[in-house]
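Here is what each chain is made of, one letter per residue.
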Amino acid sequence: MEAAGDEQRVLLEQRLRAAVHYTAGCLCQDVAEDKGMRFSKQAIAAIAEITFRQCENFARDLEMFARHAKRSTVTTEDVKLLARRSNSLLKYITQKSEELTSNTMEQKEKKKKKSSAAKGGRTSEEQEAPVSESEDSSMA
């Protein structure tokens, strides 16, 4: 059973490596067209390998950050910690994180309103009964 799991893991890693290599090739081709230069196959393979290894290192670091905080889940704070040495990357990640948080909050509010409307519930504004003139004048 363990051998089958190892075999599947190796296949998944090979597929991931191939995807990274393909993407590196596409990016190199875009740069080559834009800058009027060429990349050798060996250069593309080296870029892909370096990228794959760096991603492995990032994954290990993120796992360690979460473990150090006694968590089993990697959070955006861990990713920000990983990116701390690159000010522009840290700024970009922080901005995207704030956008995602904002969008998530908006979606939760929409869902809340939809579910209360679907259940026949009313919003707090609708729950306040309007005061008629006769009631208003009797209060004076």
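Before any of the text, the structure's been laid out above.
Remember, it's a predicted structure, so these values are computed and weren't measured experimentally. (Residues numbered from 1 in each chain as written. Predicted model: local features only at pLDDT ≥ 70, side-chain atom pairs only at ≥ 80, totals over all residues. Heavy atoms only, no water.)

**So, the overall build of the chain**
Along its length, the chain carries six helices and zero strands. Looking at the 140 residues of the chain, the share that counts as buried comes to 11%. In the chain, the share of contacts with a sequence separation of at least 24, taken over all contacts with a separation of at least 6, comes to 27%. Summing over all exposed atoms, the chain offers an accessible surface of approximately 12,400 Å²; the carbon and sulfur share of this is 55%. (Helix = DSSP H or I, 4+ residues; strand = E, 2+ residues; numbered from the N terminus. Buried < 20%, exposed > 50% of the residue type's maximum accessible area, 1.4 Å probe, protein only. Contact = heavy atoms within 4.5 Å. Areas by Shrake-Rupley, 256 points an atom, 1.4 Å probe, with all protein chains shown as cover.)

**Quick notes on the state of the cysteines**
Joining two cysteines, a disulfide is a covalent bond between their sulfur atoms. A full pass over the atoms with the stated rule returns zero disulfides. Here Cys26 is not disulfide-linked; the sulfur of Cys28 is the nearest cysteine sulfur, at 9.4 Å. (Disulfide = S-S within 2.5 Å.)

**What to know about the side chain of Ser97**
Here Ser97 shows up in helix 4 (residues 87–118). Residues in contact with Ser97, not counting those within four places in the same chain, are Thr76 and Lys80.

**Topic: unusual backbone geometry**
Positive phi values are uncommon outside glycine, yet Lys70 reaches one of about 60°. Mapped onto the elements of the fold, Lys70 is located in the loop between helix 2 (41–68) and helix 3 (76–82). The class of Lys70 is exposed, set by a relative accessible area of 77%.

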